[in-house]
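Descriptive analysis of the structure
For reference, the chains in residue letters:
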Amino acid sequence: SKKKKKKKKKRKSKKEHKAHHQAEQETRGEENQSTYQIADALLELLKRHPGMAEDLPILLIRLCNGSTFSLDQSAVQRELEMVLSLLEPYGVEKDATGVFTWNAPRSRDHNIKSRSQ
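Quick notes on the rules
- Residues numbered from 1 in each chain as written.
- Predicted model: local features only at pLDDT ≥ 70, side-chain atom pairs only at ≥ 80, totals over all residues.
- Heavy atoms only, no water.
- Helix = DSSP H or I, 4+ residues; strand = E, 2+ residues; numbered from the N terminus.
- Expected span 1.5 Å × (residues − 1).
- Buried < 20%, exposed > 50% of the residue type's maximum accessible area, 1.4 Å probe, protein only.
- Arc of directions from axis to C-beta.
- Pairing = 2+ DSSP bridges.
- Contact = heavy atoms within 4.5 Å.
- Axes fitted to C-alpha atoms, helices over the stretch in contact; angles between N-to-C directions.
- Salt bridge = Lys/Arg side-chain N within 4 Å of Asp/Glu carboxyl O.

1. As for helix H2 (residues 52-64)
- Over its 13 residues, H2 extends 17 Å from the first C-alpha to the last, a length consistent with the 18 Å expected when each residue adds 1.5 Å.
- Burial in H2 covers these residues: Met 52, Leu 56, Leu 59 and Leu 63. Buried residues along H2 cover an arc of 70 degrees about the axis, so they all sit on one side. The exposed residues of H2 that point more than 90 degrees off its buried face are Glu 54 and Ile 61.
- Looking one or two residues past H2, Gly 66 carries a phi angle of roughly 110 degrees, positive in sign.

Below, the structure written as structure tokens:
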């Protein structure tokens, strides 16, 4: 009879395992911090401008569909600009003229893809 050979998986050393675990924790910590910053900015926006609870989802949908927004002279400029700036890792960009646009992120870290691609 033929003996089955089992491939041994190379086990990580304790140092490699610890370094990998620490890197994962740091990444999660950065993501959580970013999430909290977005949540805080949204809270500030909605406290100061409650009407944005209805307008913000529409604005974000329009942004994803190719619309651009300039917040100059807007009553919500400061708070909304903070929210949109924090969404940069997800594809929101502000050009040199202050206009916000959305482009699908190139990073593999985010699973957001443009439907137009």
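2. Observations concerning the sheet that holds strand E3 (residues 99-102)
- Taken together, 3 strands build an open sheet; the order of strands is E1-E3-E2 and the sheet is antiparallel. Whereas interior strands pair on both sides, the edge strands pair on one side only; in this sheet they are strand E1 (69-70) and strand E2 (92-94).
- Across the sheet, H2 lies against E1, E2 and E3, angled at about 70 degrees from E3, the strand it touches most.

3. Focus: the pattern of salt bridges
- Taken as a whole and judged by the stated rule, the model has 4 salt bridges.
- Where Arg 78 meets Glu 79, a salt bridge forms, and the shortest distance between an N and an O atom there is 3.1 Å.
- A relative accessible area of 57% places Arg 78 in the exposed class.
- For Glu 81, the salt bridge identified is with Lys 94, shortest N-O distance 3.3 Å. Residue Glu 81 is located in helix H3 (residues 77-86), and its partner Lys 94 is located in strand E2; the two are separated by 13 residues in the primary sequence.
- For Lys 94, a relative accessible area of 44% puts it in the partly exposed group.

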